Amino acid sequence: RKLGLMDKTIFVLTSDHGTEFYEHKGFDHGLTLYDELIHVPLIIVLPNQEKGIVINNQVRSLDLMPTVLDLLDISINETIKNQMQGVSIVPLMKGEKLDLDAYSETDYRLYTFKRSIRTSDGWKFILTLENKNKELYDLINDPGETKNLIDVNPIKAYELEQKLLKHLIFLNQSIYKQWEVGCSPVYPS
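Residues numbered from 1 in each chain as written. Predicted model: local features only at pLDDT ≥ 70, side-chain atom pairs only at ≥ 80, totals over all residues. Heavy atoms only, no water.

Chemist: I keep staring at the overall build of the protein chain and nothing clicks. Help me out?
Modeler: A tally of helices and strands in the protein chain yields 5 helices and 8 strands. For the protein chain, the N- to C-terminal ordering of α and β elements is β-β-β-α-β-α-α-α-β-β-β-β-α. Taking the principal axes of the C-alpha coordinates as reference, the protein chain spans close to 55 × 50 × 40 Å. Buried residues in the protein chain amount to 34% of all 189 residues. Charge separation in the protein chain, taken as the distance between the mean sites of 21 positive and 27 negative side-chain charges, equals 2 Å. (Helix = DSSP H or I, 4+ residues; strand = E, 2+ residues; numbered from the N terminus. Buried < 20%, exposed > 50% of the residue type's maximum accessible area, 1.4 Å probe, protein only. Lys, Arg positive; Asp, Glu negative; His and termini not counted. Charge placed at Lys NZ, Arg CZ, Asp CG, Glu CD.)

Chemist: Hey, could you run me through the sheet that holds strand S5 (residues 102–106) in this one?
Modeler: Pairing between the strands of a sheet is mediated by backbone hydrogen bonds and can be parallel or antiparallel. If you walk across this open sheet you meet the 4 strands as S5-S6-S7-S8, and the pairing is antiparallel. Both outer strands of the open sheet, S5 and strand S8 (133–138), are each paired with one neighbouring strand and no more. Across the sheet, the mean angle separating the axes of adjacent strands is 15° when strand polarity is ignored. In this structure, S5 lies alongside strand S6 (residues 114–118), joined through 5 bridges in antiparallel fashion. Among the inter-strand pairings, glutamate 105 is bridged to a residue of S6, identified as arginine 115. The strands that helix H5 (residues 154–170) touches are S5, S6, strand S7 (123–128) and S8; relative to S7, the one it contacts most, it runs at about 65°. (Pairing = 2+ DSSP bridges. Axes fitted to C-alpha atoms, helices over the stretch in contact; angles between N-to-C directions. Contact = heavy atoms within 4.5 Å.)

Chemist: Explain the side chain of glutamate 145 to me, please; I cannot follow it from the model alone.
Modeler: Along the polypeptide, glutamate 145 turns up in the loop between S8 and H5. Of note is the side chain of glutamate 145, whose polar atom sits 2.7 Å from the backbone nitrogen of aspartate 35. The contacts of glutamate 145, once residues within four sequence positions are left out, are His24, Leu33, Tyr34, Asp35, Glu36, Lys124, Tyr137 and Leu139. (Polar contact = N/O pair within 3.5 Å; in protein donor to acceptor, adjacent residues only side chain to side chain.)

Here it is as C-alpha cells:
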C-alpha cells in the first residue's frame, strides 16, 4: 500500500510443494504424493479487490500462467496456447465451476518414481513405477489418506489408472521401462 501497488498489481501467492511432518511416517518432501506435499495454497489478489472469495474447486499450478494472462487480457498465439497445458481459472473467480483433474509426479533424487491423479470429485490414485505399487484414496471420506482402497474398489482404481496412463502417454512417458532406484545426492562430492 505504501508503494502504491495495490491498485495496479496482481499478487499471486503459492508454493511448489508442501512438507511431510510424519503424517505418513516420513519427514522431508518429494518421497510421496500425499496431499501434505501436493495440496498447496493459492492466493490471488487483484487490483482494488475489496473482498476475497474462497474457491473450493481443485486447481493446478499449471493453471497459473493462463490465469494471469487472462487477468491481464493478454492474447496469446496458437504456438503458446499449444505449449500450455493449464487453463485459466478466471471462470471460477466469476462463480462458474471447472472440473479439473490434477496430475503429480516425483522422481525425488532417484529414490522413487511416482505418478498420481487427483480427481476433481475427490479421488486419488498413486502409482509407484519402480515396483508397480498402487494406492487409491477417497479424499472426501479420508482426507488424511489413511485407508488404501485399492482392493476394496478395484473398478475405480482401474478407471483412474487408465486416466493416469493416458496422461503419461500424452507426456511421452513410459511406465514399462526399468525404473532404477538410486541416489542422486543434493551436493555432489
